[in-house]
Amino acid sequence: MTDLGQLLLAGLSVGGVYALVAMGFAAIYAVSGVLNLTQGEFAALAGLVAISASGNGFPLPLAALLGIVTVVVLALAIQRLIIAPVRRMTTLLSIILTLGVSTALKATMLLIWGPEGRGLDPLPGNDFTAAGVAVRSQYLWILGVSVVVAVAVSWFYERTLAGKALRACAEQPVAARLAGISVARASLVSFGIAGLLGGIAGVLASPVYFSAWDSGLALGLKGFVAATLGGLTSIRGAFMGGLVLGVVESLVAGYIDTGLRDAVAFVVLIVVLVARPDGVLRRQVAARV
Amino acid sequence: MAGIRALGAAAAVAALLVATAGCAEKDTGGGTDESGPIAVGAILDITGAGASLGVPERKTLELLTKKLNDAGGINGRKLELTVEDNQSTEDGAAKAMNQMVSKKVDLVIGASRTGTSLAMRAIAETNELPMLSMAANVKVVDGAKWVFKTAQNDSAVLANVVDYAKSKGWKTIGLARDSSAFGEGVAETLNSLGKADGISVVATEKFAPDATEFTAQMVNLRNAKADANLIWGIPPAAALAQKTYKQLGITAPVMQSHGIGNQVFLDTAGPAADGLIAPVGRLVVADQLPANDPQKSVLTTFVNNYKAAYNETPSTFAGHAWDAFQLAVDAFKAVGTDKQKVRDHLEQVKGFVGITGVFTMTPQDHSGLGKEALVLVTVSGSKWQLAPA
Amino acid sequence: MARGREWIGFAVFAVLLTAFPLVAPESIVDIGVYALIYGIAALGLSLLMGLAGQVNLGQAAFFAIGAYTQGMLVTRYGVALPVAAVVAVAFAMLAALLVGLPLLRLRGHYLALATLGLGIIVTVAATESDYLGATSGIYGIAKPEFGGRRYDSAAEFFWLLAPVMFLAVLFARNVVAGRIGRALGAINDSEVAAECLGADTFRLRLQVFVLSAGYGGLAGVAYVHWIGVVNPNAANFPLSVEFLLMAVLGGLGSVWGAVIGAVAVEFLDEGLRDVIPRLIPHASGEVQLIGFGVALTAVVLFVPGGLYDLWRRAVTRLRRRSATPAAPSGSTVDTTDETPVLSRPDRPAPGTTLLSVEGLVRHFGGVTALDGVSFDVRAGEIFGLIGPNGAGKTTCFNIVSGVLAPSGGSVRLRGTRIDGRKPHVSARARATRTFQNLQIFGSTTVRGNVAVGRHLRGRAGLLRAALVLPARAEERAIARSVDEILALVGIADAADRPAADLSFGRQRLVEIARALALEPDLLLLDEPMAGLSGGERADLARLLRRLRAGGMAIVLVEHDVEAVLALADRVAVLDDGVLIALGRPDEVRHDPAVVAAYLGLDEDDEVDETADDPVVRAAVRELDGG
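Sorry, what's going on with the overall build of chain A here?
Along chain A, the regular secondary structure elements total eleven helices and two strands. Helices and strands appear in chain A in the N-to-C order α-α-α-α-β-β-α-α-α-α-α-α-α. With the principal axes as the frame, chain A shows a C-alpha extent of 60 × 45 × 30 Å. Each of the 289 residues in chain A was classed as buried or not, and the buried ones make up 58%. Taking the contacts inside chain A whose residues are at least 6 apart along the sequence as the reference set, 76% of them involve residues at least 24 apart. As displayed, chain A offers around 11,400 Å² of accessible surface, 66% of which is attributable to carbon and sulfur atoms. A distance of 17 Å separates the average location of the 18 positive side-chain charges in chain A from that of its 12 negative side-chain charges.

What follows is the structure in structure tokens.
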């Protein structure tokens, strides 16, 4: 039983990171139909910047903040310079574009920080054991923050007027514009939110899971799988998808074969896409003519 | 829109110019003539998964080249070192090897790891080019005529593990190994070496070389309840695995591989490293060796030189590179640059005192190191210490 | 077709391939070998992306499958190189078939990411499999040896691979220019129209997907004999990205572009690796990925057609455009000709029921658009379908043509049920349609549009594309039929103009010509008169009468009630999803229910020609044809 508990906890923790990245995917896709493959790199970059800042004497909270702010600025820049200028953006096109950007980003991180992975200092807290399960305080930080963030972001998207306006842009861009909503600004805001989410993910993950120039790839892909589980447009779905994916990965690694861990996300992806293209956690949408 | 098109065209032209820079005829120097500089190529895993090996190896080779040339070279000839990065990929290694061949180098040092070395091996054999690899797996030299290696074979390392287990009365071992070529065959070798003493592997867990999550593996090891556990990997994975091992409260003694013999491991594992046992090359405990140890003076000199140049202690991988370089220099000094003669000389090396150990090569054994090349160390207070017997 | 100019291109290519190893220094030839190897994989990817409009982010997976299979067969089972190569490529194609069957039903970006996942699954599977050598993979694969000669220098290997590459490009070019390529181009422009002309979208895309994987596998075979080693890294994601870059940089769907792209990327790779460490000391290796990433982004943003597109534009600008003849504004058809046209000996006799619609029901959420509609259409008649806005005409039409599935009821074509099945099934049963919202294939000429209509009348598949001659004969026959139909419909003068350049009315005629090219027995026309001038309407009406005389059945959905009543043999009137009248035009014209429906009155309301409301009087007059 303690094994199950241990595996569940580990799965929830890494799942929390996936969830944050996944919500970043959903945040952008729900507004503009753009699939932003640099989402993983946001997390990696935030971690690396925070580590450098912290290594240069900045106190931990400030270093973390610096990492997050850097990534938000980057996200806004990407939207402005790369995404916005394209007149007829399709999701497929956005994949290739952001793939190019993420490749360049990765290599830049390699250039600046070198190939080794590093960890940020952990957030304050003591590790303890409860019911035979070793609990790292960092796990609790990750879970706690991701839950709070998920609630905040989904509240924003679903309950506030601004959030609803953002979502309107993806469904009916012309009508939204007629209603006075600036689609361009909506896209910009959504990228900023995605950057924020990615940055938080990176800073939280770094103490436990390490940041390296190429840690963004796996994180981004798994975050995408999690977002797809949730239907790609739902913040809540992405959050749940992230946790589910993390737990499934951990259980498969623990009970079946540790070597299969990285394949889990993609097997899940393919199964979900073939069986329920609109996402597992999404309610059935009536077919449109 | 025309402006954008023009920009695109200009960018295309610029890219073309950069590409032609790559077409610039690469210098062909060295060769089999007996005058002029000696060309040595080094193909290392500098970026990618093998970076923690390749970077110190490059540093060592560059340091030694400088020292050698400052001291007058070999019989008046300078040594020209060309370092290439294979990016820890097989085609990177093969590409670089082909280029070394067309550059007509006299000898190649590389690669840092098994997979990349294997990619180079076929080319070395076909082109009859002496090659000194720093990879761990014996597959690299098994049956080869032109390839030698300076890192200990897994069997040498594992023989130490078996001896230690036997001395402690352990019968069952749990294994968590790196899923790359570094960790392959460990369970099988351990089982065959330990058979005579009734020691066997009761659980095998795998982790990716870049893994950061080890809960599943350690939970399974905990459940296997082996007498002792062996973590076989390189940092940071090995260090993070060590941390998880301790965090889960596993009380059984833990051993590590020779891959952890560097400061990165200690820094990453922190206090969790205390108490582990690992067979490593004597380099990390050079200062604790008795005065009559044959390797002591070579080790101490190397450590001091490296520290003076790079302000950090050299890792065991740096040591492998030192051995490769000095073996090559030794051969060049003795027989010149004729490739066949160099190869033959290397095959007959006896009692060569290196960093990784004392080398004695034979036609059947192109590794030249036995289990005596390693000592058992432990970690105490985040420092390496010779293990109590 | 620019066949003449193309032979020059191929000849130049052959010369370049032969001469390259002779003039270039060895290290450059080495790069050239990689350009060839990876170029073959990029070629396959470019075919897929350009023809099928699908992105495959896991081309490296098929590359690895080909490499592993070849490695295994040659080293462990001692199979001869050429035999093993055939098996390896077949294996990669089989894998693509298995993967494509479920995955190709997905929308574009989902497929892209699913294929990405495929690459990772292959890597993990190879790592975990001891049979495949786990992480060390398979090594010790010998260089090719034929007739006692070992091909182990870069120049020799290049020459060995050059004919393979040449044939690969030739084959790809034939596929693109032939029947399959034409159909896929049409699908890219308008999937629904292509389907209605008989293009089985799924099957065609699957074919190209499998072909593209075959190219990937072939590249893997070449790779493994050059490097001598294959391990799980061969399927890694950065390699798939490199293939993508080659295809995108060269120009998607452009066969030559893929070749150019492969060469460009390989040399860019070398160049960057050389330049960057000079600019930034101690930066080496994968840092050239910056260049790749920037290149990929920049190409997509600024030069979406890739290098090949730049080349073509430059060439076109240099070449003087031949003067296009002034297009006459009217048709060139004899305006009095009423002879029957497009009859077929196998066609069912006039009066035979061709289309039988029974109890058709369709819901959209809570709205019932059709509620139990039944009628039939016979050979040799023009059948009109009219009704006020929102009556359900379009829904009915879409269901009959296979674009929409009904919620209940059935549609039968000559006894075979076609409801709920894809439109190409109807097309095979010789039923096709035109569209109210024009679905012109904008990327090709008028001639190209109509040629798609001949898709089902041809049989050249992928294999025939390889053997050029049989396909050539068929293409000539197709060209003849196209010319005949263009003349019949009256747009022969615009044959070589881009279809998108034509006026709205003439585009309508293109659609009709296209539909006629299928030689249908049942022709469904969706608002064909809309946007036509008076003269054009008269011409179209005459054409329809001639087609009827030839035995065709025509269903006409129209808002122009007058035109329908004048032309049709029988008319069905829909209102609110229900059939309220069915009969000869004069019967329907005076049916009070019909009048009421158009005026929005209840059935019981009196409709009086002398009513006070001038609108009512006008409406009644209109229906009376007065």
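Having seen the structure, we can now continue with the description.
Which parts of the structure should I look at to understand the sheet that holds strand β1 (residues 38–44) of chain B?
Strand pairing in a sheet is mediated by backbone hydrogen bonds. Such pairs are either parallel or antiparallel. Residue and element names in this part refer to chain B. Strand order across the open sheet formed by five strands is β2-β1-β3-β4-β5, with parallel pairing between neighbours. Pairing within the sheet leaves two strands with one partner each, and these edge strands are β2 (79–85) and β5 (147–149). Strand-to-strand twist of the sheet, defined as the mean angle between neighbouring strand axes without regard to direction, takes the value 20°. As judged from the four bridges shared by β1 and strand β3 (residues 107–110), these two strands associate in the parallel manner. The residue bridging Ile-43 from the neighbouring strand is Gly-110, located in β3. Sheet strands touched by helix α3 (residues 90–102): β1, β2, β3 and β4 (131–133). Its angle to β1, the strand with the most contacts, is close to 175°.

Where do I start with the interface of chain C and chain A in this structure?
The extent of an interface is frequently quoted as the accessible surface area lost upon association of the parts. With 38 residues of chain C at the contact, the number on the chain A side is 40 residues. Here chain C meets chain A over a buried area of about 3,300 Å², counting both sides, of which 86% is carbon and sulfur. Contact with chain A buries area across many residues of chain C, yet His-109, Tyr-110 and Leu-113 of chain C alone supply 18% of it, more than any other trio. For the pair chain C and chain A, the interface holds zero salt bridges. One can count one residue pair in polar contact (both at pLDDT 80 or more) joining chain C with chain A. At the level of elements, α4 (81–103), α5 (108–128), α10 (237–250) and α12 (289–302) of chain C are the ones that each hand at least two residues to the side of chain C that touches chain A. Looking at the side of chain C that touches chain A element by element, the count peaks at 13 residues for α5 of chain C. Its residues placed into classes, the side of chain C that touches chain A shows 29 nonpolar, six polar and three charged.

For this particular structure, what's the right way to read the confidence of the model for chain A?
Interpretation of the predicted coordinates at a detailed level should be avoided for regions scoring low in pLDDT. Here chain A averages 86 in pLDDT, while 95% of its residues score no lower than 70. Across residues 280–289 of chain A, where pLDDT falls below 50, the model places twelve contacts with residues more than four positions away in sequence or in other chains.

Parameters and conventions
- Residues numbered from 1 in each chain as written.
- Chains lettered and ligands numbered in written order.
- Predicted model: local features only at pLDDT ≥ 70, side-chain atom pairs only at ≥ 80, totals over all residues.
- Heavy atoms only, no water.
- Helix = DSSP H or I, 4+ residues; strand = E, 2+ residues; numbered from the N terminus.
- Buried < 20%, exposed > 50% of the residue type's maximum accessible area, 1.4 Å probe, protein only.
- Contact = heavy atoms within 4.5 Å.
- Areas by Shrake-Rupley, 256 points an atom, 1.4 Å probe, with all protein chains shown as cover.
- Lys, Arg positive; Asp, Glu negative; His and termini not counted.
- Charge placed at Lys NZ, Arg CZ, Asp CG, Glu CD.
- Pairing = 2+ DSSP bridges.
- Axes fitted to C-alpha atoms, helices over the stretch in contact; angles between N-to-C directions.
- Buried area = accessible area lost by both parts, 1.4 Å probe.
- Salt bridge = Lys/Arg side-chain N within 4 Å of Asp/Glu carboxyl O.
- Polar contact = N/O pair within 3.5 Å; in protein donor to acceptor, adjacent residues only side chain to side chain.
- Nonpolar A, V, L, I, M, F, W, Y, C, P; charged D, E, K, R; others polar.
- pLDDT = per-residue confidence, 0-100.

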